[in-house]
Amino acid sequence: MKITYHGHSVLSIVMEDGQKLLFDPFITGNSLTDLNADEVETDWLLVTHGHSDHIGDMIPIAKNNDATIISIVEICTFAENNGVKKTHGMNIGGKFDFPFGRVKMVHAQHSSGYEVNGQTLYMGEPAGFILQAEGKTIYHAGDTSNFGDMSLFGEAFDIDIAFLPIGDNFTMGPHEAASAAKRLKAKKVVPIHYNTFPVIKQDPEAFVKLLPENVGKVMAVGESIVI
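So, here's what we can say about the structure. Bear in mind that the values here come from a model prediction, so they are computed numbers and not experimental data.

What counts as what
- Residues numbered from 1 in each chain as written.
- Predicted model: local features only at pLDDT ≥ 70, side-chain atom pairs only at ≥ 80, totals over all residues.
- Heavy atoms only, no water.
- Helix = DSSP H or I, 4+ residues; strand = E, 2+ residues; numbered from the N terminus.
- Contact = heavy atoms within 4.5 Å.
- Core = buried A, V, L, I, M, F, W, Y, C linked by side-chain atoms within 4.5 Å.
- Buried < 20%, exposed > 50% of the residue type's maximum accessible area, 1.4 Å probe, protein only.
- Phe/Tyr/Trp six-rings, centres within 6.5 Å; stacked < 30°, edge-to-face > 60°.

### What to know about the environment of Gln132
- Mapped onto the elements, Gln132 comes out in strand β11 (residues 127-133).
- Separated by 75 residues in sequence, Gln132 and Phe207 have C-alpha atoms that sit 26 Å apart.
- Non-local contacts of Gln132, meaning those with residues more than four positions away in its chain, are made with Gly101, Arg102, Thr137 and Phe157.

### Some points on the nonpolar core
- Grouped together as the largest cluster of nonpolar side chains are 74 residues, with contacts concentrated most on Leu21, Met58, Phe100, Leu131, Tyr139, Phe163 and Leu164.
- Contacts of Met58, omitting those with residues within four sequence positions, involve Pro25, Leu45, Val47, Ile69, Ile75, Phe78 and Ala79.

### Here's the deal with the packing of aromatic side chains
- Here the structure, examined in full by the defined rule, presents nine aromatic pairs.
- Pairing Phe98 with Phe100 gives two aromatic rings, centres 5.4 Å apart and planes at 0°, and the pair type is stacked. You'll find Phe98 and Phe100 in the same group, each marked buried.
- Centroid distance Tyr139 to Phe153: 5.8 Å. Interplanar angle 70°. Geometry classified as edge-to-face. Of this pair, Tyr139 sits in strand β12 (residues 136-140) while Phe153 is found in helix α4 (residues 150-156), placing the two residues 14 residues apart along the sequence.
- Relative accessible area serves as the criterion here: at 0%, Tyr139 is assigned to the buried category.
- Classification of Phe153 as buried rests on a relative accessible area of 10%.
- Grouping aromatic residues by their ring pairs yields a cluster made of Trp44, Phe96, Phe98 and Phe100.

Okay, structure coming up:
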């Protein structure tokens, strides 16, 4: 599989059979991304929670691509009510085998709401995704703090790459993320959710230095890795 980082928490994955996945498609208004929402091609959209900097362009991208949204049930209902035809609702602790691989929805410590007409709409619980496909395991933590159950993820899964937020203020910061990485025992850890806004400005290289040698990897926007 080919994994590309697109700034903030946006990841795309292309499987060997050509299926395309896009995580947390915050593109419009994301000054760091290399993507254009009108040009994105994807088959699946995986959305960790309902904040605008993660839902982003979910609805128009889903419509333009006839793509399936995978998310907590409340986000899927919101998408359906806004004209999206294909969704797959999940909830914390559940897993499902999709054509591209297995997805498990796991807990994240955060909040989840989306502003509609000046009112905040409850968008279900925040989550992370553990993807098992093509013999590899990928963890996208979404927005979260460091919490003890990450040790359970590290025990239950042989995680090849973990994508962890380091921005602080809204999520865990670098030192907490380094502690989370220790719990997860991932072979590689990539920082996400930083430098998009002044309040989450961080030095990703400094974060990498908190990790064991050769574990941390800073991905430039648009950079891809093949695993």
